[in-house]
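# Descriptive analysis of the structure
Take a look at the letters that make up each chain.
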Amino acid sequence: MIQLILKRLFTYIPVLLVVVIVTFLMIHAAPGGPFDAERVASPEIIEKLNEAYNLDKPIYIQIYNYLFNAIQGDFGPSFKYPGRTVTELIMSGLPTTIELAIYSILFAIFLGVISGLVASLNPGKILDIVPMSISLLGICIPSIILGPVLVLIFGIWYEVLPVYGWGDNPGDKILPTITLGTAYAAIFARLTRGGMLEVLGQDYIRTARAKGLSEIRIIIVHALRGGILPVISFLGPAIAGLLAGSFVVETIFQINGVGRFYVQAAFNRDYTMILGTSILFTFMTLTFVLISDIVASFLNPTLRDSGGLE
Amino acid sequence: MWLELFQEIKQRKILLISLLYTLFLLCIALIAPIISPYEVSEQNLSLGASAPSLQYILGTDVLGRDLFSRILYGSRISLLVGFLATFVAITIGLTYGAVSGYFGGKIDSLMMRLVDILDGLPFVIFIILILVIFGRDIYFLFISIGAFGWLSMARIVRLQVLGLRKKEFVISAQIMGANSFRILFKHIIPNVLGTVIIYSTLLVPQFMLLEAFLSFLGLGVQPPDSSWGILIREGANTMEEYWWLLIFPAFLFSLTLFALNFLGDGLRDILDPRDTQKLEN
């Protein structure tokens, strides 16, 4: 177990490092310096600015400096918001984004696992067909459509829910959570159904039945542990997807989270901000994939030997 | 193979409908300039946004442009990006997977290890990064989408090639002294092409969605070009007064994603009946 974690960490750190360096180089190669935007400054001033931001040093020193500071949580100053550091900006949005992601994933797990469970216990019946058809819709309707349509229906036509902000008005967390979580609820429902159907046909379930255990105990204690495995191993990629989805959802609902900052930074070509948020998102994605791999191999011993990669 | 495939498709109604819809959409996109009732950028500022009427069947947008024509033209760019990105992904994935599967051993495990690692990275971030650095250009859009979307294709091709490389015709080619390059491109790749094309039908909706996602954020296709992502973005911005600007493009886009997903999954099920976990159960 520990060996597995160490093995994964061993690839994890170099990958992160390579990503940071490649991103840094890409941004460095971008046409146009950070200071030749709006106002025309004299060469001396640009020189001074470059000196102040260490841009006159060779590239490897810049990378080294950047990495060294980044490890300590300092992503440098924002180019577009003078006087504010990237770390400050990120920290002001991160709690919101994380809260949004947690609500959405809980919503998705709750709705998805329950409907997948119900469907798997009634294969071929109406309780299977209806939730599975709805989940198909959920997969095929992307957040860029679901979000605006929900706003149109609940915010504009019926005026029952607030349509912007996060935590400012009562109920304004509902629509963003649904928008971000629905697609994953649909996928979880299908994964749970598939996983449960496979497990319910296995010998150890028959043994449990033969022992005379109650059906509820069989399902909750014995079947669900194996049946939910596909969901667990998809959790990592799902959270990664949620983080990317936060770009859209935070933009639609005007939520000041990291996703919206990222999109705005991409618009403004705020290079240090893009760099910082990219690294943050990569870091979080890799971490969640790592965690979900470890949890999955913890639940399913057959995955342990292969290093959890197959 | 193609005849059997067609027989199978005919038996599955949803699959057949999806196929017909997709073909219909492709035709429409091809002849969009002929059938669109108005010039796509023809503005009628005095008209402004008008609700659907006999003259403008899906209404007009704030600048008085006919929504129906814009959707027709938008389908061209959306489909173009979807298909070209798929083409890029196939080209990379096919070559990579074939090389990895054919040479096997250390090369194979190293190459597949790289695929595993890349799979864990947040691609949307890198695509946005590329678009920011090199400019929000439609060419960079589909190249960057394709450049990150080839991983699953490489895996599928590798598995196929692993099966093929021990077949007699490959071995006899090796005995006759053909070099690896020739064997790969002359003998192996043509044999996996059918599978590749069928699997790539699943990539098209994925990439179209990605394009719409980026265009929605304003980072993909740029106005005055219209794509479905752009139309949904504009619709979402003005939906308070003009609901039709959101509803029609959104409905069409969902329908198309639906059809393409069904088509891809259905074709895959026919080809590989073991793996029927995804959509059509």
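### What about the overall build of chain B?
- When its secondary structure is counted, chain B shows twelve helices and zero strands.
- Taken from the N to the C terminus, the helices and strands of chain B come in the order α-α-α-α-α-α-α-α-α-α-α-α.
- When its C-alpha atoms are laid out on the principal axes, chain B stretches across 75 × 50 × 35 Å.
- Evaluated residue by residue, chain B yields a buried proportion of 53% over its 281 residues.

### Details of the nonpolar core
- Among the nonpolar cores identified, the biggest contains 155 residues, and Phe-247 of chain A together with Ile-128 and Phe-253 of chain B are the most heavily contacted of them.
- Look past the residues within four positions of Phe-247 of chain A in its chain and what remains in contact with it is Gly-259, Tyr-262, Val-263 and Phe-281 of chain A together with Val-124, Ile-125, Ile-128, Phe-213 and Leu-217 of chain B.
- Ranked by size, the runner-up nonpolar core spans eight residues in total, among them Leu-5, Ile-9, Leu-15 and Leu-19 of chain B.

### Considerations on the confidence of the model for chain B
All names here are of chain B.
- Mean pLDDT for chain B: 83, with 94% of residues reaching 70 or above.
- Considering each helix and strand of chain B separately, the mean pLDDT is smallest for helix 1 (residues 2-11), with a value of 73, and largest for helix 4 (residues 67-103), with 90.
- Long-range and interchain partners of residues 275-281, a stretch whose pLDDT sits below 50, account for 20 contacts in this model, where long-range means more than four residues apart.

### A short note on the packing of aromatic side chains
- One pass over the structure, following the stated rule, counts 16 aromatic pairs over all chains.
- With a centroid separation of 6.1 Å and an interplanar angle of 85 degrees, the aromatic rings of Tyr-262 of chain A and Phe-281 of chain A are classed as edge-to-face. Linking Tyr-262 of chain A in helix 11 (residues 258-268) with Phe-281 of chain A in helix 12 (residues 271-299), this pair joins segments that are 19 residues apart in sequence.
- Where Tyr-139 of chain B meets Phe-142 of chain B, the ring centres are 6.1 Å apart and the plane angle is 70 degrees; that geometry is what we call edge-to-face. Placement of both Tyr-139 of chain B and Phe-142 of chain B in helix 7 (residues 138-148) is noted, with a separation of three residues, approximately one turn of the helix.
- Given a relative accessible area of 53%, Tyr-139 of chain B falls into the exposed group.
- Cluster of aromatic residues (ring-pair linked, three or more members): Tyr-242, Trp-243, Trp-244 and Phe-248 of chain B.

### Things to note about the interface of chain B and chain A
- Each side of the interface is counted separately: chain B has 41 residues, and chain A has 43 residues.
- Summing both sides of the interface, chain B and chain A together bury roughly 3,700 Å²; the carbon and sulfur share of this comes to 79%.
- For the interface between chain B and chain A, the tally reads zero salt bridges.
- Counting the contacts that link chain B with chain A gives one residue pair in polar contact (both at pLDDT 80 or more).
- It is helix 12 (residues 244-271) of chain B that provides the largest number of residues to the side of chain B that touches chain A, a total of nine residues.
- Among the residues forming the side of chain B that touches chain A, the class breakdown is 29 nonpolar, six polar and six charged.

### Quick look at the side chain of Asp-270 of chain A
- Assignment of secondary structure puts Asp-270 of chain A in the loop between helix 11 and helix 12.
- Once you skip the residues sitting within four places of it in the chain, Asp-270 of chain A turns out to touch Ser-78, Phe-79, Lys-80, Tyr-81 and Ala-265 of chain A.

Rules used throughout
- Residues numbered from 1 in each chain as written.
- Chains lettered and ligands numbered in written order.
- Predicted model: local features only at pLDDT ≥ 70, side-chain atom pairs only at ≥ 80, totals over all residues.
- Heavy atoms only, no water.
- Helix = DSSP H or I, 4+ residues; strand = E, 2+ residues; numbered from the N terminus.
- Buried < 20%, exposed > 50% of the residue type's maximum accessible area, 1.4 Å probe, protein only.
- Core = buried A, V, L, I, M, F, W, Y, C linked by side-chain atoms within 4.5 Å.
- Contact = heavy atoms within 4.5 Å.
- pLDDT = per-residue confidence, 0-100.
- Phe/Tyr/Trp six-rings, centres within 6.5 Å; stacked < 30°, edge-to-face > 60°.
- Buried area = accessible area lost by both parts, 1.4 Å probe.
- Salt bridge = Lys/Arg side-chain N within 4 Å of Asp/Glu carboxyl O.
- Polar contact = N/O pair within 3.5 Å; in protein donor to acceptor, adjacent residues only side chain to side chain.
- Nonpolar A, V, L, I, M, F, W, Y, C, P; charged D, E, K, R; others polar.

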